[in-house]
Amino acid sequence: MINGKEKLIVAIDTDDFDKAKVLIDSLEDSVDIFKVGLEQYVATRGKTLDYLKEKGKKVFLDLKFHDIPNTMKSAVKAAVRDNVWLMTIHVSDFEGMRQCAEIAKEEAERLNIEKPLIVGVTVLTSLSNEDLQDIGCSYTAEELVIKRALLAKKSGIDGVVCSAREVDKIVEVCGDDFVTVCPGIRPASAEVGDQKRVVTPADAIRRGAKYIVVGRPITKAENPKQAAIDIVKEIENA
Ligand SMILES: O=c1ccn([C@@H]2O[C@H](COP(=O)(O)O)[C@@H](O)[C@H]2O)c(=O)[nH]1
């Protein structure tokens, strides 16, 4: 049986440190991996990240770097110093991603720390096929995700962020050692909100997602701890 806690990443999307601390403290027995994203990182200047590390939690730094190769590479180099477990860039051009993979390895070796996994966001889970058409892209979300996953793999980064709807195809073309991180997860009874390509925790695991990311269905629940426990059980029963 799989250990659900090794698959679940909880997104701590709040705008200040005290709120994040209350959430982390209430979830610490049921959750091992936490995601610090743009809102939380900018609001606390990384304080939450330090708090999670003090607690011995695995940290996913989700800042989704997307820029010219030199800037992406420099940002990754600086972020490696935070000594996190996993971090995001956007799937961009081959050279930008290749340089990110290379600098992460070099900087981790120089600091004598474990290299963080670098994963590239393929197509945000809040985007539908219609949204892609609106921004001038003629591919479907699935076609674009696969195309980008293949390029990400070729560049040497460790994996991708995608919807669990695409994960089985990614495993097929990129292999199952290529990391798949899947947000847009909604238990059957949860509100979808701004997410478009949603999947339940159980379905995501059945389709082969290596990790699932859950934010509001846990953090905005009446009892976040119970919501996390229920999702861990759903993963284990899948
Ligand atoms: O394609 C993506 C990439 C990142 N995210 C992030 O995951 C969480 C999801 O939160 P929910 O509250 O469960 O919707 C959030 O931090 C996003 O920034 C994503 O949703 N989709």
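The model shown is predicted, which means the values in this text are computed figures rather than measured ones.

**Details of the UniProt feature "domain: Orotidine 5'-phosphate decarboxylase" (unreviewed entry) in the protein**
Using the residue numbers shown here, the UniProt feature "domain: Orotidine 5'-phosphate decarboxylase" (unreviewed entry) corresponds to residues 7-231. When the span residues 7-231 is considered, its composition is 46% helix and 17% strand, and the gap between its end C-alpha atoms is 10 Å.

**Regarding the UniProt feature "active site" (unreviewed entry) in the protein**
The residues that UniProt annotates with the feature "active site" (unreviewed entry) are D62, K64 and D67. Checked against the element boundaries, D62 lands in strand 3 (residues 58-65). The residues contacting D62, other than those within four sequence positions of it, are K35, V36, G37 and T88. Relative to the elements of secondary structure, K64 occurs in strand 3. Excluding residues within four positions of it along the chain, K64 makes contact with T88, I89, H90 and V121.

**Points about the sheet that holds strand 6 (residues 159-161)**
Backbone hydrogen bonds are what pair the strands of a sheet, in a parallel or an antiparallel way. The sheet built from eight strands closes into a barrel, its strands ordered 1-2-3-4-5-6-7-8 with parallel pairing. Sheet twist, expressed as the mean angle between neighbouring strand axes with direction ignored, is 25 degrees. The pairing of strand 6 with strand 7 (residues 179-182) spans three bridges and is classified as parallel. Pairing of G159 across the sheet is with V179, part of strand 7.

Definitions and cut-offs
- Residues numbered from 1 in each chain as written.
- Predicted model: local features only at pLDDT ≥ 70, side-chain atom pairs only at ≥ 80, totals over all residues.
- UniProt positions renumbered as here; feature names shortened; annotations may be inferred.
- Helix = DSSP H or I, 4+ residues; strand = E, 2+ residues; numbered from the N terminus.
- Contact = placed C-beta atoms within 7 Å.
- Pairing = 2+ DSSP bridges.
- Axes fitted to C-alpha atoms, helices over the stretch in contact; angles between N-to-C directions.

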